[in-house]
Amino acid sequence: MEDTQHTQAAHLKKNPRHQVGIIAGIAAWTVGGFFAAQFLVVGVVRLLVNMGLPVAQMNEALLQTVISAVIYLVAIVIVIGLPWWIRRYKTTREEVGLQRLPEWTELLLAPVGFIAYMITSGIVVWVISQMIPAFNPMQAQQVGFQMISQRHELILAFITLVMVAPFCEELLFRGFLYGKLKKHTKRWIAIIITSVLFGAAHMQWNVSIDTFVLSVFLCLVRDMTKSLWPSIIIHMIKNGIAFYLLFINPMILNTLGS
């Protein structure tokens, strides 16, 4: 069995065209599954509304939380679950970096990685804004939660944006996508592909540039620790600060914008 696997691996290395096809397939499958989940879930919600069910009468924050959670769940099932169910293409915990609980050194590394990312992202965004006058680095990111003020609404938004989204996005992009890509190509190529796709998935220029830089650091941290947990924690820190600026103290953003 091992001889067969080694023979197949050697064959792939000698066939670069096939290798490129595998890389493109992994990338397309991950991003396609991510957007397919959104399309399916939103389509079902619209169908329920058209059937006369009181979906639109639900609390907006609660509805957005449920929709977001279901989208991420469906995306994970499509991207990771379907290949295993249909072709027995299994993804191990080691491949996605969740083979163990986080260690103390990784918890301490996360703030350092976050600060390094923030400094680098600030420099990159500033350079691009100087080169492209039309580029607006302060454009507000669309996060799906609008006009929330009640405590329970803030809690739901916090759970969705600061806990659920970072974990699921890391599992899909730095876990599955990057974990698979680096088995078939050089690490720096896998980092670039993962980061470009992660940035593009946010569909806003200013956000895409920032998340591209973020993804580069998350991939590097994952390689450094052989674990996905530091990436998840850094992502949570980033989203937690964004949550504070957007919903708790938006006056800071207004001051920066002016």
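Not measured: the values here are computed from a predicted model.

K.L.:
Run through the packing of aromatic side chains, naming residues and quoting values.
P.N.:
Summed over the entire model, instances satisfying the criterion amount to seven aromatic pairs. Both rings, one in Phe34 and one in Phe35, keep their centres 5.7 Å apart while their planes meet at 75 degrees; by these two values the pair is edge-to-face. The exposure class assigned to Phe34 is buried, which follows from its relative accessible area of 8%. Ring pairing ties together the aromatic residues Phe34, Phe35, Phe173 and Phe198, which thus form one cluster. Across the ring face of Phe198, the terminal group of Arg174 is positioned such that the distance to the ring centre comes to 4.0 Å.

K.L.:
Any details on the nonpolar core? Residues and values, ideally.
P.N.:
Counting 45 residues, the largest nonpolar core has Phe34, Leu172, Phe173 and Ile234 as its most contacted members. When residues of this core are traced back to their parent elements, those giving at least two are helix 2 (16-50), helix 3 (60-87), helix 5 (104-131), helix 6 (151-181), helix 7 (187-200), helix 8 (205-225) and helix 9 (229-248). Sequence-distant contacts of Ile234, defined by excluding residues within four places in its chain, comprise Ala110, Gly113, Phe114, Leu214, Leu218 and Val221. Of all hydrophobic cores here, the second largest spans 10 residues; its members include Phe145, Ile148, Leu154 and Ala157.

K.L.:
Any chance you could break down helix 8 for me, citing the residues and the numbers?
P.N.:
The first and last C-alpha atoms of helix 8 sit 30 Å apart over 21 residues, in line with the 30 Å expected at 1.5 Å per residue. Across the 21 residues of helix 8, 16 count as buried, placing the element largely inside the fold. The positive-phi residue at the C-terminal boundary of helix 8 is Lys226, with phi of around 60 degrees.

Reading the values: the criteria
- Residues numbered from 1 in each chain as written.
- Predicted model: local features only at pLDDT ≥ 70, side-chain atom pairs only at ≥ 80, totals over all residues.
- Heavy atoms only, no water.
- Phe/Tyr/Trp six-rings, centres within 6.5 Å; stacked < 30°, edge-to-face > 60°.
- Buried < 20%, exposed > 50% of the residue type's maximum accessible area, 1.4 Å probe, protein only.
- Lys NZ or Arg CZ within 6 Å of the ring centre and 35° of its normal.
- Core = buried A, V, L, I, M, F, W, Y, C linked by side-chain atoms within 4.5 Å.
- Helix = DSSP H or I, 4+ residues; strand = E, 2+ residues; numbered from the N terminus.
- Contact = heavy atoms within 4.5 Å.
- Expected span 1.5 Å × (residues − 1).

Purely spatial values, then, with no claim about function.
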